[in-house]
Amino acid sequence: MSKAPRFSMVEFSVNHPRWVVLLTVLLSAAALTQFPKAKTDTNPKHMLPETSDVRVWNSEVEKTFDLYEDMIVLGVANDGGVLNRETLERIHRITGEILRIEGVAARDVSSLTTIDNVTMEGGTLKVGPLMPEVPATDRELSDLRRALFGNPLFLNRVISEDGNTTAIYVPLERGVNGKAVADRIRGIVRTENGPERFYVAGDPVARDTFGSEMFKLMAIFAPIAGLLMFLARYLMFRDLFLSIALMMDAMVAIIWSMGLLIGFGFPIHIMSSMAPVFLMAIATDSIHIFNEFYFRFRETGDKRAAILETMKAVGRPVRYTALATMAGFAVLLFMHIEPVRVFGGLVAFGTLALRILSFSFIPAMFTFVKDETIQRTSQREDVRSSRTARLLTRAALLGARRPRRSVFVGLALLALAVVGMTRIHVNNNTVEWFKGKSEVRTSDRVLNAALGGTSLGYVVAIADQDDQIKTPEALRTIEGLQRRLEALPVVGKTTSVVDYVKRINYVLHDENPAYDVIPESEETVGQYLFLFGMSAKPSDLNNVVDYPFRRANIFVQLKTWDADAMRTVKHEVDEFKARTGARLTFKPAGTAYFNLVWNDEVLWDMIRGFVIALVVVFVILAVNFRSLKWAIVGYAPLVFTILVIYGLIGLSGKDFDMPISVLSTLSLGMAVDFAIHFISRFRRRLSEIRPDGTVPDESTVTDALLWTAERPGKGVFRNAVLFASAFSVMLFAPLTPYVTVGAFIVSMMILSAVMTIIYLPALIVLLRGWLFKGGA
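Reading the values: rules and limits
Residues numbered from 1 in each chain as written. Predicted model: local features only at pLDDT ≥ 70, side-chain atom pairs only at ≥ 80, totals over all residues. Heavy atoms only, no water. Buried < 20%, exposed > 50% of the residue type's maximum accessible area, 1.4 Å probe, protein only. Helix = DSSP H or I, 4+ residues; strand = E, 2+ residues; numbered from the N terminus. Pairing = 2+ DSSP bridges. Axes fitted to C-alpha atoms, helices over the stretch in contact; angles between N-to-C directions. Contact = heavy atoms within 4.5 Å. Salt bridge = Lys/Arg side-chain N within 4 Å of Asp/Glu carboxyl O. Parallel < 35°, antiparallel > 145°, perpendicular 65-115°, else oblique. Nonpolar A, V, L, I, M, F, W, Y, C, P; charged D, E, K, R; others polar. Polar contact = N/O pair within 3.5 Å; in protein donor to acceptor, adjacent residues only side chain to side chain. Patch = residues over 30% accessible without salt bridge, like charges linked within 9 Å, V, L, I, M, F, W, Y side chains within 5 Å. Areas by Shrake-Rupley, 256 points an atom, 1.4 Å probe, with all protein chains shown as cover. 1 Å grid on protein atoms, 1.4 Å probe; cavity = no way out; pocket = protein on both sides within 12 Å on 5 of 7 lines; lining within 4 Å. Points joined across faces, edges and corners; volume = space filled by probe spheres on them. Domains from an automatic or database assignment. Buried area = accessible area lost by both parts, 1.4 Å probe.

Caption draft 1: How the structure looks around unusual backbone geometry. The backbone phi angle of Asp510 is positive, close to 55°, even though this residue is not glycine. Since its relative accessible area comes to 63%, Asp510 is described here as exposed. The phi dihedral of Arg626 falls on the positive side, at around 55°, and the residue is not glycine. Structurally, Arg626 can be placed in the loop between helix H23 (591-625) and helix H24 (628-652).

In structure tokens:
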């Protein structure tokens with residue numbers, strides 16, 4: 001019985017090119033129908049699921065203490081002082097306009113014109129507006145100054161110690177876009193013509209501005225990256241039609257992937273917005289098909305035969321490089337961060353689509369090119385006249401002729417890299433995702449220097465029973481913790497129910513400094529809080545204590561958005577609890593705490609993913625080469641590249657942040673591609689030279705290495721240039737994560753290519769006896 005012929009996608013595509021192109025167009029059209037349904041999500045809080053402990057706890061704290069998830073801070077600075085009638089008039093007008101902005105929680109905006117002051121009048125407690133009207137006389141100005149600087153609740157929160165800066169705190173209703181409100185506020189202050197400077201800061205400003213800029217950048221950079229790659233391909237081959245065809249290959253994969261993402265209802269998050277540039281770069285692996293095709297056509301003169309022989313020669317390495325790349329991204333599917341999982345699945349699918357197109361769409365497109373055009377291009381692929389081929393040959397000779405010296409230099413670089421890695425500092429700061437001179441960074445820097453800080457965290461004190469928070473013992477414990485936290489360089493100010501109790505006690509005793517303390521009895525504290533609650537805005541007391549008086553909230557203003565700042569606070573809280581034996585339990589919360597948890601979740605997710613990817617990629621190499629020995633050799637450039645780049649990060653002093661940690665896992669699949677192509681083609685060349693499988697001598701090995709460097713190596717070089725060109729546009733982005741991604745990928749591609757062309761020949765020659773023991 002005759003065996004059924006094996007289906008070949010390449011042969012089918014060559015025999016039926018129009019059907020292949022038509023099917024590609026139809027699938028692309030179907031994917032495009034999903035694009036109008038696209039939704040975006042730029043909130044980093046959604047990096048963790050709603051059921052995560054930190055999000056559940058933060059929601060509970062916000063509900064318990066009547067807090068807002070998002071707060072914008074408007075700083076007003078005047079070198080001559082803000083406590084003058086003209087500046088106060090402007091603050092009054094600006095505050096009034098802010099109260100009318102849709103999405104602003106107007107009832108709880110804190111400004112010089114809206115906050116309450118605790119005083120005594122006629123022997124009774126009075127809680128009323130600090131500045132109901134702009135002072136009309138010098139005496140009224142003097143009274144305002146005395147009220148501000150005499151109240152610790154105001155100092156470093158609404159007024160700076162030098163009196164040159166004040167702040168307006170603008171809470172936002174849930175779900176409101178922070179950038180939109182910030183833009184409205186900027187529009188309001190632009191109408192004021194005075195000596196004041198205005199600074200808009202806060203987590204929602206940085207977060208939503210980043211999201212907005214992110215999509216603008218991708219809309220600009222993705223086409224530019226595509227254009228650069230198109231120009232580079234055209235300069236390489238001087239074939240307009242095939243350059244367009246390879247560009248179409250990338251665009252089709254992007255359309256399919258994004259269409260699938262949108263069709264399944266996933267929003268486009270910060271990470272998934274980068275997918276188009278990643279897929280454009282991954283598509284460059286098809287350059288090996290183009291590179292080999294022109295060599296084959298030059299040798300055969302038959303287009304169909306050249307296509308089939310090309311795919312036979314490069315098909316296996318192309319499949320396994322795709323598999324390695326897919327593995328690097330697919331590992332992200334096992335992470336806890338949902339947008340990271342979505343991104344991993346998105347690019348893994350896109351990589352699969354690219355490889356399917358490599359074996360169908362690209363061979364089909366070759367058939368439409370005139371033989372005369374291919375002949376002209378193939379003439380330029382003569383390795384004897386190619387300057388690129390000669391350069392690659394000399395580079396390979398450097399490794400093959402001086403293997404020990406080459407490996408020694410590599411080991412020296414590795415030693416330096418290890419030193420650099422010991423200096424890596426793990427941290428994340430969303431404000432520093434903007435460049436130093438940006439408005440977001442400038443505003444944050446100025447307000448952190450002048451006031452308590454724009455980054456807000458909470459420490460919740462939890463008692464064992466109701467009313468325990470009102471006891472002097474509990475209040476003194478909270479006060480002691482506040483003083484400890486305020487001694488930290490990263491903490492600018494703390495506020496709690498203790499500050500209100502002490503203030504009330506102070507003013508009810510004619511502002512006698514001896515009474516600026518916590519009262520001695522629980523009954524007195526209870527009376528104070530009752531009187532204050534009856535007179536003040538509900539949020540004033542609600543923000544710092546719950547009504548069973550079982551929990552108290554300490555506001556902790558931080559001078560930086562570094563995740564490490566809240567880690568320092570958490571450590572100090574734990575140390576305080578351990579040393580004092582306090583009966584209260586303390587638990588951190590708030591945006592600053594979320595950033596800390598998010599930072600650690602991403603970090604450990606990436607470490608786990610990195611280890612998994614290392615194992616998976618090694619298994620793929622072993623299966624591809626059918627040899628553990630060759631897998632180890634192919635693994636060497638990957639490990640060298642990653643370690644050197646990490647070492648450079650440590651030596652540069654740059655924080656190891658979220659973008660770098662994510663790239664760490666992704667880079668594994670991409671950095672090993674060149675080694676797969678080089679070793680696969682080298683071993684194939686050896687089998688052609690020594691079909692009997694005998695152990696080759698050093699001369700034969702060197703000849704095969706030089707052939708690999710000048711022919712498949714040219715594909716490696718071209719691949720690296722195209723890949724790097726796609727990501728080089730990110731180096732000019734105004735957002736630092738994009739600059740980081742660009743620098744990381746460009747460096748990785750260049751280093752991987754150098755390692756492949758120089759160090760692989762050195763290792764192969766040096767380990768020849770071991771590698772070829774028992775045959776190649």
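Still to come is the rest of the account.
Caption draft 2: Quick look at the pairing of strand E5 (residues 197-201). Of all the five residues making up E5, four are buried; the element is thus mostly covered by neighbouring parts of the structure. Pairing between strand E1 (residues 70-77) and E5: five bridges, direction antiparallel. Across the sheet, the residue bridging to Val73 is Ala201, located in E5.

Caption draft 3: Seen up close, the sheet that holds E5. Spatial ordering of the open sheet is given by E4-E1-E5, a layout of three strands whose pairing is antiparallel. Across the chains shown, the open sheet's two edge strands, defined by having one partner strand only, are strand E4 (165-172) and E5. Neighbour to neighbour, the strand axes of the sheet diverge by 20° on average, direction disregarded. Running at roughly 100° to E5, helix H17 (residues 439-450) makes contact with E1, E4 and E5 of the sheet.

Caption draft 4: Here's a closer look at the pattern of salt bridges. Counted under the stated rule, the structure contains 38 salt bridges. Across the salt bridge formed by Arg551 and Glu60, the nearest N and O atoms sit 2.8 Å from each other. With Arg551 in strand E9 (residues 551-558) and Glu60 in helix H3 (residues 53-64), the pair connects residues that are 491 residues apart, well separated along the chain. A residue is classified by how much of its surface remains accessible, and Glu60, at 33% relative accessible area, is partly exposed.

Caption draft 5: Here's a closer look at the packing of helix H7 (residues 203-237) against helix H9 (residues 275-282). Their axes nearest at 9 Å, the elements H7 and H9 cross at an angle of 10°. In terms of their interaxial angle, H7 and H9 are classed as roughly parallel. In this structure, H7 contributes Met218, Ala222, Ala225, Gly226 and Met229 to the contact, and H9 contributes Val277, Met280 and Ala281. Per-class residue counts for the contact of H7 with H9 are seven nonpolar, one polar and no charged.

Caption draft 6: Just the sheet that holds E9, in detail. An order of E8-E9-E7-E10 is seen for the four strands of this open sheet, with the pairing classed as antiparallel. Edge positions in the open sheet fall to strand E8 (491-495) and strand E10 (585-589), since each of these has one partner strand only. Sheet twist, expressed as the mean angle between neighbouring strand axes with direction ignored, is 25°. In the sheet, strand E7 (residues 455-462) pairs with E10 via five bridges, with the strands oriented antiparallel. Looking across to E10, one finds that Ile462 is bridged to Thr585. Relative to the sheet, H3 contacts E7, E9 and E10, its axis offset from that of E10 by approximately 105°. Where helix H18 (residues 472-486) meets the sheet, its contacts fall on E7, E8, E9 and E10, and the angle it forms with E8 comes to roughly 165°.

Caption draft 7: Main features of the side chain of Asn156. Within the secondary structure, Asn156 is located in the loop between helix H5 (138-149) and E4. At 3.1 Å, the side chain of Asn156 forms a polar contact with the side chain of Glu161. When sequence neighbours within four positions are dropped, the list of residues in contact with Asn156 reads Glu161, Ala450, Leu451, Gly452, Lys493 and Gln557.

Caption draft 8: Layout of a nonpolar patch on the surface. Nonpolar side chains collect at one region of the surface, where Trp604, Ile607, Val611, Val615, Val619 and Val623 lie side by side and expose about 540 Å² of accessible area between them. Considering the arrangement of structural elements, one finds Val615 in helix H23.

Caption draft 9: Layout of the layout of surface pockets. Here the second largest pocket defines a volume of roughly 530 Å³. Elements with a contribution of two residues or more to the lining of the second largest pocket: helix H1 (9-15), helix H11 (303-330) and helix H12 (338-358). Looking at which element gives the most residues to the lining of the second largest pocket, the answer is H11, with seven residues. Considering only residue class, the lining of the second largest pocket consists of nine nonpolar, two polar and six charged.

Caption draft 10: Representation of the domain arrangement of the chain within the structure. When its domains are assigned, the chain resolves into domain 1 (1-51 + 238-382), domain 2 (53-205) and domain 3 (441-596). Its C-alpha centre places domain 1 at a distance of 54 Å from the equivalent point of domain 2. Roughly 560 Å² is buried in total at the junction of domain 1 and domain 2, and carbon and sulfur atoms are behind 45% of that figure. Sorting the residues of domain 1 by area buried against domain 2 places Lys45, Glu50 and Thr51 first, and these three jointly supply 69% of that buried surface. Counting every contact that joins domain 1 to domain 2 gives zero salt bridges. Looking at the side of domain 1 that touches domain 2 residue by residue, the class counts come to two nonpolar, two polar and two charged.

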